[in-house]
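# Structural overview for review
Below, each chain spelled out in residue letters.
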Amino acid sequence: MKTIDLRSDTVTQPTAAMREAMLAAPLGDDVFGDDPTVNALQDKIAATLGFEAALFVPTGTQSNLCAILSHCQRGDEYIVGQMAHAYRWEGGGGAVFGSVQPQPLNHQPDGTLALDDIEAAIKPDDAHFARTRLLALENTLGGKLLPFEYVKAATDLAKAKGLSRHLDGARLFNAAVAQAAQNGRFTKNGASNVPEVPANIDKLAINLEARRIAQCFDSVSVCFSKGLGAPVGSTLCGSREFIARAHRIRKMAGGGMRQAGVLAAAALYALENNVARLAQDHALALQLANGLTGIEGLQVEPPHTNIVFVDLVGEARARSAELIPFLKTRGVLATGLYRLRFVTHLDVDAAGVGVTVHAIQEFFKH
Ligand SMILES: *Cc1c(COP(=O)(O)O)cnc(C)c1O
């Protein structure tokens with residue numbers, strides 16, 4: 001039985017072509033700045049997103065940490081969402097390693113932070129307060145695309161108030177695909193249950209949207225180990241001066257890697273080959289959501305990208321603890337209890353989504 005692993009888009013295995021690219025990569029010692037593959041990746045992502053420079057780091061967590069500590073000093077604070085990875089899921093690194101205080105704000109239902117809340121959270125210059133220095137947004141957040149007009153308005157507000165702006169764009173290219181689709185830069189392939197990459201998908205249009213989002217910020221972090229399918233690696237982009245600061249912090253955090261090109265090659269391969277195919281993951285997520293809609297006891301949130309959230313409501317909640325173990329007996333892995341999360345990716349296909357839908361139908365039939 002083939003396992004259908006919908007726990008996360010981090011579970012993907014590097015493809016044969018990606019492994020070949022890793023094998024073939026020219027290498028050097030990146031602590032000396034000598035690794036041509038790391039340098040090529042940094043140059044490419046910086047150019048794609050419109051920044052002067054970029055830094056290859058092992059994880060998205062280290063990337064966000066380098067960003068927070070490069071923007072902020074001890075005694076500064078950053079404004080961030082309650083559910084943002086850079087606040088909630090990174091062990092409080094900014095506070096632990098940098099004495100930088102987070103100022104978390106509640107999200108609106110669409111994932112945004114209300115502009116009024118941001119403005120109210122910016123402290124006056126007064127000895128009582130931490131110095132508000134940075135606004136950190138995340139896009140996509142829980143698979144939701146933040147409306148571009150909102151991103152523009154929030155980052156303009158932050159700039160007008162003298163704050164730096166950081167984007168946790170772990171899934172920036174998923175956001176870009178959704179935004180390109182929204183703008184009609186390519187048309188969805190008719191019925192939502194056709195998991196093909198649209199024939200007229202335009203990688204340049206996607207990169208353009210990624211850049212449009214990224215250019216609202218002073219720094220952007222992108223993960224290659226999520227939907228892009230690389231085993232390891234993130235990059236942080238910003239000005240040359242900002243990246244020089246981040247480089248020092250990466251060293252302090254133990255992130256100075258040697259022949260790291262063997263990993264950067266996978267990220268470079270992903271950037272060149274796996275961006276446009278994210279549309280396929282989005283189509284599969286939609287197929288899954290459509291398949292689950294109408295099952296008694298389930299409330300399905302229509303997905304913007306590759307993450308489907310499903311709430312158990314009414315009597316279904318009484319059986320919630322049995323569902324994930326049941327799915328496991330059918331070869332389907334997912335997470336959650338009252339709120340299930342399914343993530344589509346490179347190693348899931350339409351047949352796997354079909355199996356998942358059937359298994360859940362079967363569970364609720366009894
Ligand atoms: C996964 C993720 C990260 C952190 O990435 P790691 O490589 O697991 O440290 C940061 N932000 C977001 C939004 C993520 O999804």
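What this report covers is the structure whose coordinates are included nearby. (Residues numbered from 1 in each chain as written. Predicted model: local features only at pLDDT ≥ 70, side-chain atom pairs only at ≥ 80, totals over all residues. Heavy atoms only, no water.)

For the rest of this paragraph, the subject is the packing of aromatic side chains. Evaluated as defined, the whole model comprises 2 aromatic pairs. Judged by centre distance (5.0 Å) and plane angle (90°), the ring pair of Phe363 and Phe364 falls under edge-to-face. Comparing Phe363 with Phe364 shows no difference in burial state: the two are buried. Among the aromatic residues, ring-to-ring pairing joins Phe326, Phe363 and Phe364 into one connected group. (Phe/Tyr/Trp six-rings, centres within 6.5 Å; stacked < 30°, edge-to-face > 60°. Buried < 20%, exposed > 50% of the residue type's maximum accessible area, 1.4 Å probe, protein only.)

This part takes up the nonpolar core. The biggest cluster of nonpolar side chains holds 63 residues, and the ones touching the most others in it are Leu49, Ile118, Leu135, Phe173, Val220 and Phe224. Sorting elements by how many residues they give to this core places helix 11 (residues 261-273) first, with 8 residues. If sequence neighbours within four positions are ignored, Val220 has contacts with Leu49, Phe51, His166, Leu167, Leu172, Ala214, Thr235, Leu236 and Cys237. Core analysis: the next-biggest nonpolar cluster, separate from the first, contains 27 residues, Ala289, Val308, Phe363 and Phe364 among them. (Core = buried A, V, L, I, M, F, W, Y, C linked by side-chain atoms within 4.5 Å. Helix = DSSP H or I, 4+ residues; strand = E, 2+ residues; numbered from the N terminus. Contact = heavy atoms within 4.5 Å.)

As a further point, take the sheet that holds strand 7 (residues 219-223). The mixed open sheet is built from 7 strands, whose spatial order is 2-8-7-6-5-3-4. Across the chains shown, the open sheet's two edge strands, defined by having one partner strand only, are strand 2 (53-57) and strand 4 (101-105). The sheet shows a mean angle of 20° between the axes of neighbouring strands, direction not considered. Pairing of strand 2 with strand 8 (residues 234-238) involves 5 bridges; the strand directions are antiparallel. Looking across to strand 8, one finds that Ala53 is bridged to Gly238. (Pairing = 2+ DSSP bridges. Axes fitted to C-alpha atoms, helices over the stretch in contact; angles between N-to-C directions.)

Interhelical geometry of helix 3 (residues 60-71) versus helix 10 (residues 240-252) gives an angle of 120° and a closest axis separation of 9 Å. The angle between helix 3 and helix 10 falls in the class oblique. Viewed along their axes, helix 3 and helix 10 form a crossing whose handedness is right-handed. Here Gln62, Cys66, Ala67, Leu69, Ser70 and His71 of helix 3 lie close against helix 10, whose contacting residues are Phe242, Arg245, Ala246, Ile249 and Arg250. Taken together, the residues of the contact of helix 3 with helix 10 break down into 6 nonpolar, 3 polar and 2 charged. (Parallel < 35°, antiparallel > 145°, perpendicular 65-115°, else oblique. Left-handed = near helix turned anticlockwise from the far one by under 90°. Nonpolar A, V, L, I, M, F, W, Y, C, P; charged D, E, K, R; others polar.)

Within the secondary structure layout, Arg171 lies in the loop between strand 6 (164-169) and helix 8 (172-182). Aside from chain neighbours lying at most four places away, what touches Arg171 is Ser8, Asp9, Asn139, Thr140, Lys226, Asn306 and Ile307.

What follows concerns the pairing of strand 8. The element strand 8 is largely enclosed, with a buried count of 5 among its 5 residues. One ladder, built from 4 bridges, connects strand 7 with strand 8; its direction is antiparallel. Considered in strand 8, the bridge of Ser221 is made with Leu236.

Turning to the layout of surface pockets, a few remarks are in order. What the largest pocket holds in volume is close to 830 Å³. Around the largest pocket sit 39 residues that line it, and His85, Trp89, Glu138, Gly142 and Arg341 are the ones nearest its centre. Listed by contribution, the elements that provide at least two residues to the lining of the largest pocket are helix 3, strand 6, strand 7, strand 10 (307-312) and strand 13 (339-343). The leading source of residues in the lining of the largest pocket is helix 3, at 3 residues. Taken together, the residues of the lining of the largest pocket break down into 11 nonpolar, 19 polar and 9 charged. (1 Å grid on protein atoms, 1.4 Å probe; cavity = no way out; pocket = protein on both sides within 12 Å on 5 of 7 lines; lining within 4 Å. Points joined across faces, edges and corners; volume = space filled by probe spheres on them.)

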